[in-house]
Amino acid sequence: MAYQQKLAEKLLVLNDRGQGVLIRMNHIKKACADPNRRPSFLTEKSMESAVKYINRKFPNIDFRGGSQQLSLIQKQKSAVLEVLSSFYESFVDVMEFRDHVYELLNTIDACQCYFNIVVNFDFTKNYLDLITTYASVILMLSRIDDKKAIVGMYNCAHEFSNGCSDPSYPRLGQMIVEYEHPLKKLTEEFGPHTKAVTEALLSLQRVYPRRNLPAEQWRSVQLLSLLGTPTNMLSPASCDTMACEYLPMDMMERWIILGFLLCHTSLNTNTASQELWKMALRSGLYITLIRDEVLNIHKLSEEHFDGIKGYNKRIADIKECKEHTIINCGGVHREKRLFLRNALKELTKVLEDEPALLGPKALFVFMALSFSRDEVLWLVRHSENIPKTKTPEDYSDSHMAELLFYMERLRGLLNRYNYILQRYHLQYLSQFDALILNDTIQSIYVCPEEESVLMTSFVSALSALTLKQLDNGEEFDLRALRLDWLRLQAYTSVGKATLALKDFPDLAKIMNMTQFHTKMMDSLEELLQETAELSILCFYPRVFEKMFSQSSEDSSMQRYLMAFPMVCGRFSQSTHHMCPEEMELMEKQSLKLCVKFLEEIAQHTCSVVLEISAEQSNLHEQLLPKHCAETISAARNKKMKKPVPKKGEVPKEKPGTESHRKDRAVVTNMDKMHLTLTELCTSYSMCSDFTVFKHIIVPSEFLISQLEHRLSKIFVRMANYNPNTQDILRPSELLSGIHAYITSLNTLSRYVNVDIPRLLKSVLLQQTQPLDSQGVQTITTLYTNWYLEGLLRQASSGLIAHCPTMHCFINQSVENEQNFKAEEFSDICELRALAELIGPYGLKFLGENLMWHITSQVGELKKLVFENMDVLVQMKANFDKPEMMSILHKRLTGCESVLKRMTIIGVILSFRTMTLEALEEVMRKHCPFLMGPIESLRNFKATDSDIKVSISVYELASATGLRCDIDPALVTAIANLRTDNSSTEEEYKISCLLLVYIAVSLPTLAVDPATFYSREHGGHQNNVHCLATAINHLSAAMFTVQSKNIEQHLKEFLQMASSTLLQLGQNVDKVEIKNRDSVYLLLDMIVAESPFLSQDILESCFPYVLLRNAYREVHRTFIHTMG
């Protein structure tokens, strides 16, 4: 009869089914409680009357009498059916599950099955699981407030659509009504099953009390210690109840509490039942139904027994146990967690050193994982529902990170050394278990055929295992053997079994041990899921985050913090195929928690790294040359024996004094930060990556992301740019500070495996763009704005002069002193530093902004040319006629404005030339192998027909800082300046007349007293020497755009300028010829800077003797000083 009933198969199938139904009930409860996921028909105002009517009349709803209230359901019947069908079918699943459980429990009672957790472990465990799962489903069903409305509304829509009720509705409605008071109904149902349930529960007496010992007793017997008895280190860990050793405590407590609630009669008649029940009541305040749904066991038990006669003593016991639990339980579990942290640490260290011990001591690992899981789950359940107690600190743990860390390390060791486990247990199974099992079977004197076939197959399967299979990489699958063992337990546990398993405890012991060994071969993940599953943390995000926060505040726990995000990677293992909707929600929650933890770890690590870098930058800043003045002054005073400072003045400490140690015990702030960094970076070494719901998580990338984001802000902040006062840090000082940061950051790779060069390249490359990846202004933008608004604008107004001799800009000695020294921001060193900071991309952006300012000036120049076009045309035709030119010159207006705007253009272009020269030096330093080919390409002379190719080559060369005959950026800017209305001939005419305008305006410079050539500076005080640069660059760009001959037009300009300046020489007015010699030098400068003109051309139209005399005159006025 037992063979036909298939008890083993039904228990397995129903337990899996029941778990799925239970998870679905929990999901429905959460969905109905969440306003965002609640079915819309239950929240709509228009449906309120229908819902109230259904709840009032349920389950006997009168469709005709309630037609007014149910009219909206009739209108939306299809939508109601679609939305509520999954909910309704889930309730039908509960009903069908109940029917199957009824049938199986009755069958088991009829078979008079024997249950003992020590003997027929799997059979008893599945039986108790079925009872608690069934009770949990019914209790969860009773917690869904909207179940009547959902079922009734769905049936109404079904009635309106099909003309009849759903076939399942009558029984389903009756079941929902019956379980309004679930425990009362369940107690009635389980009355006939009391004997079997009590027998199964009482078998836990050999397991539960031993597992429920306090930490002192664990410590006294050196539980989980491999070093306690070194002589037994290589002996295999085994016992009579192997599977019971890692049986979850919360599972046993759920069996005991729910089992005795349903079958409570033995509590008044059996002392052993009372003791076991009281022990479970003293173990905590809550047990888990499913996920984050818990039962307040004392409150529930008291309310249940309060309505039953003769249970006053049991109620008193409950109150006593509750009081004992509140006073003692928190401290007991705190001590257990303390013991387990140390025990797991020792176990992990030993197994990491000697992984071969995983073979004989595998049971210890699973026991350690199971015990730790029990304590984590207990703390989580009670942290959310802390009772009123004098020691609330017992319900929080700032050292949880360490426990989770070592749990993860043990899991990692088992997975990493899976081959060792398989090799050891394969030999154990084939060379020990198979032999002793065969001997045991031979000693059984009566053995029916079915049982004999099963046991013979056990021996055959185990004996067939060979090391060759393992070495060949074959996959092992021994699930069939374990299922046959469950079948054998069922066959031999019925009342009238010919072969009763209880009479052969040795067979049970051997098979239970063999089953554990087989799991080492093919079900390691399943066993880890049973002993180390912590998915409950996903449903207690507040508790989980609090644990992380407390651990992160404890400096000794920072090295273990990575355990928190890694635990999130295990949540996917607790999903069930019957509730795919929950899977999506769990995925979002798991990723949310994981990302939050990783970001907080990264932020903390990033803060420490950047604090260290900032301190190093400050120390480096003390070594800058600008700080040596005081030291030099003090040394000079000492040498000259000047009086020493007064006693009240504290002498300034020299750089490096912070490194002097008088006492090794003194811990500085830097020491603390380096220690913190070491602790945090140690957590990153736990794993390089892990998976959360098919998402690959790389922890170090979070750190890199944080560093990248914050470094960009720091570098920008280091520039100290103030747009109101136009203050900014010198480029060389900023570069020095950034180098200090880079040097410090490079040491991070010694702590953790991160690609620091990639990080720095990303950050620094972003700083060469106008905006970084966050859309924030960069160093490039800040320095571009400052040089345009702070330096060049003042240079254009004459407050700052361009100094060719020193290759920089200098302040003019005026009354209004500037707030900065121009040479400190524009000399060769500073512009090289600028080129290092913002690179070719940044200088290109700077160049584009410079070109915008140039084109705005060119636009104004064209307007002036247009206003004086007639006069300029005549002057161009009569430039060699002095009398005519004198008359026309009086009609000409805006000469000063033309020269002023051209000077501004010249200043801007001179600054651009200086930046390009600095860039060229930087590029030659960093990539000389690249500069050679580009320079050769630039020197290749293209024909006139290849002007577009030439411009492309010039763009490449200009991007590396190489000087070009034609500025490609200026060509592009001039080309874009052309309007659609103007023709090519008109633009060409304006360009030619602009050169005429400039040439005939040059004599007016002699009147300006600021047009004085300074030998010291190599230029004029009013920057008119920049006209040479402006004329050469602008004419080359304009005539390139118009595809005209540049050299020819520059010759014409030189002839006209020479003629007008020679006419200036004939003037006898001392005021007008005061700075005539300084103006003459402009012609020489124009020719010297032009790639299209030569001294021969100049001499043909302007006597060299005049230039020689001019140089002699300007040098004669220079005052020599002897230092």
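Attention here is on the structure that accompanies the text. Note that the structure is a prediction, hence the values are computed from the model and not measured.

## Thoughts on the overall build of the chain
Point 1. Looking only at helices and strands, one finds 48 helices and eight strands in the chain.
Point 2. By the compact-globule yardstick of 32 Å for 1123 residues, the chain is too spread out, its C-alpha radius of gyration being 46 Å.
Point 3. Across its three principal directions, the C-alpha atoms of the chain cover 140 × 90 × 65 Å.
Point 4. With 1123 residues in all, the chain has 54% of them scored as buried.
Point 5. The long-range fraction of contacts in the chain, counting pairs at least 24 apart against all pairs at least 6 apart in sequence, stands at 79%.
Point 6. As displayed, the chain offers around 51,300 Å² of accessible surface, 52% of which is attributable to carbon and sulfur atoms.

## Regarding the packing of helix 18 (residues 362-383) against helix 19 (residues 400-416)
Point 1. Where helix 18 contacts helix 19, the two axes come as close as 10 Å, and the packing angle between them is 145 degrees. In this structure, the crossing between helix 18 and helix 19 has a hand that is left-handed. Each of Val365, Phe366, Ala368, Leu369, Ser372, Arg373, Val376 and Leu379 in helix 18 lies in contact with helix 19, whose residues at this interface are Met400, Leu403, Leu404, Met407, Leu410, Arg411 and Leu414.
Point 2. Taken together, the residues that form the contact of helix 18 with helix 19 break down as 12 nonpolar, one polar and two charged.

## Looking at the pattern of salt bridges
Point 1. Under the counting rule described, the total for this entry stands at 54 salt bridges.
Point 2. Of the charged contacts in the structure, one is a salt bridge between Arg793 and Glu789, with a shortest N-O distance of 2.9 Å. Here the residue Arg793 and the residue Glu789 both occupy positions in helix 34 (residues 779-796), the gap between them amounting to four residues, near one helical turn.
Point 3. For the salt bridge of Glu860 with Lys863, the shortest nitrogen-to-oxygen distance reads 3.5 Å. On the criterion of helical spacing, the pair formed by Glu860 and Lys863 is a turn pair, its members being three residues apart in helix 36 (residues 828-867).

## Some thoughts on empty space enclosed by the protein
Point 1. Taken as a whole and assessed by the stated rule, the structure comprises five cavities of 30 Å³ or more.
Point 2. Here the largest cavity defines a volume of roughly 120 Å³.
Point 3. Met249, Glu253, His333, Asp374 and Glu375 are the residues nearest the centre of the largest cavity, which is lined by 13 residues in total.
Point 4. Of all the secondary structure elements, the ones that give two or more residues to the lining of the largest cavity are helix 13 (249-262), helix 17 (312-353) and helix 18.
Point 5. Broken down by element, the residue count for the lining of the largest cavity peaks at five residues, all from helix 18.
Point 6. Here the residues of the lining of the largest cavity sort into four nonpolar, two polar and seven charged.
Point 7. Considered as a void within the structure, the second largest cavity measures approximately 90 Å³ in volume.
Point 8. Residue lining of the second largest cavity: Lys862, Ile974, Arg978, Thr984, Glu987, Ser991, Val1041 and Gln1042, and that is the complete set.
Point 9. The class makeup of the residues in the lining of the second largest cavity is two nonpolar, three polar and three charged.

## Quick word on the side chain of Lys147
Point 1. Its location among the elements puts Lys147 in helix 7 (residues 147-162).
Point 2. Within the buried set, Lys147 has no salt-bridge partner at all; the shortest N-O distance to an opposite charge, 5.0 Å, is to Glu180.
Point 3. For Lys147, the contacting residues outside a window of four places in its chain are Phe91, Leu141, Ser142 and Ile176.

## As for the environment of Met885
Point 1. Tracing the backbone shows Met885 in helix 38 (residues 882-891).
Point 2. Remark: the alpha-carbon pair of Met885 and Val1000, spanning 115 residues in sequence, is separated by 8.9 Å.
Point 3. The contacts of Met885, once residues within four sequence positions are left out, are Met875, Asn878, Phe879, Val1000, Thr1060 and Gln1063.

## Notes on the packing of aromatic side chains
Point 1. A complete count under the given rule lists 37 aromatic pairs for this structure.
Point 2. Seen in terms of ring centroids, Phe405 and Tyr560 are 4.9 Å apart; in terms of plane orientation they differ by 55 degrees. Their pairing is tilted. Of this pair, Phe405 sits in helix 19 while Tyr560 sits in the loop between helix 26 (541-553) and helix 27 (563-568), placing them 155 residues apart in sequence.
Point 3. Assessed through its relative accessible area of 7%, Phe405 is described here as buried.
Point 4. On the accessibility criterion, Tyr560 (7% relative accessible area) is buried.
Point 5. Through successive ring pairs, a cluster of aromatic residues spans Tyr783, Trp786, Tyr787, Phe809, Phe820, Phe825 and Phe911.
Point 6. The ring centre of Phe364 lies 5.3 Å from the NZ or CZ of Lys361, which sits over that ring.

## What to know about the layout of surface pockets
Point 1. Roughly 1,600 Å³ of volume is contained in the largest pocket.
Point 2. In terms of lining, the largest pocket is formed by 42 residues, of which the most central are Gln19, Lys125, Asp129, Met251 and Glu530.
Point 3. For the lining of the largest pocket, the secondary structure elements donating two or more residues are helix 2 (7-33), helix 6 (121-142), helix 13, strand 1 (286-290), helix 18, helix 23 (479-491), helix 24 (505-522) and helix 25 (524-532).
Point 4. At eight residues, helix 6 tops the list of elements feeding residues into the lining of the largest pocket.
Point 5. Here the lining of the largest pocket is built from residues that sort into 13 nonpolar, 15 polar and 14 charged.

## Comments concerning the pairing of strand 2 (residues 293-296)
Point 1. Across four bridges, the pairing between strand 1 and strand 2 is antiparallel. The partner of Ile290 across the bridge, within strand 2, is Glu293.
Point 2. What sits between strand 1 and strand 2 in their antiparallel hairpin is a turn of two residues, with Arg291 showing a positive phi close to 55 degrees.

## Here we look at helix 25
Point 1. Within the span of helix 25, buried status applies to Leu524, Leu527, Leu528, Glu530, Thr531 and Ala532. The buried residues of helix 25 occupy one face: seen down the axis, they fall within an arc of 160 degrees.
Point 2. The elements touched by buried residues of helix 25 are helix 6, helix 18, helix 19, helix 20 (418-442) and helix 24.

Scoring rules and cut-offs
Residues numbered from 1 in each chain as written. Predicted model: local features only at pLDDT ≥ 70, side-chain atom pairs only at ≥ 80, totals over all residues. Heavy atoms only, no water. Helix = DSSP H or I, 4+ residues; strand = E, 2+ residues; numbered from the N terminus. Rg over C-alpha atoms; globule rule 2.2 N^0.38 Å. Buried < 20%, exposed > 50% of the residue type's maximum accessible area, 1.4 Å probe, protein only. Contact = heavy atoms within 4.5 Å. Areas by Shrake-Rupley, 256 points an atom, 1.4 Å probe, with all protein chains shown as cover. Axes fitted to C-alpha atoms, helices over the stretch in contact; angles between N-to-C directions. Left-handed = near helix turned anticlockwise from the far one by under 90°. Nonpolar A, V, L, I, M, F, W, Y, C, P; charged D, E, K, R; others polar. Salt bridge = Lys/Arg side-chain N within 4 Å of Asp/Glu carboxyl O. 1 Å grid on protein atoms, 1.4 Å probe; cavity = no way out; pocket = protein on both sides within 12 Å on 5 of 7 lines; lining within 4 Å. Points joined across faces, edges and corners; volume = space filled by probe spheres on them. Lys, Arg positive; Asp, Glu negative; His and termini not counted. Phe/Tyr/Trp six-rings, centres within 6.5 Å; stacked < 30°, edge-to-face > 60°. Lys NZ or Arg CZ within 6 Å of the ring centre and 35° of its normal. Pairing = 2+ DSSP bridges. Arc of directions from axis to C-beta.

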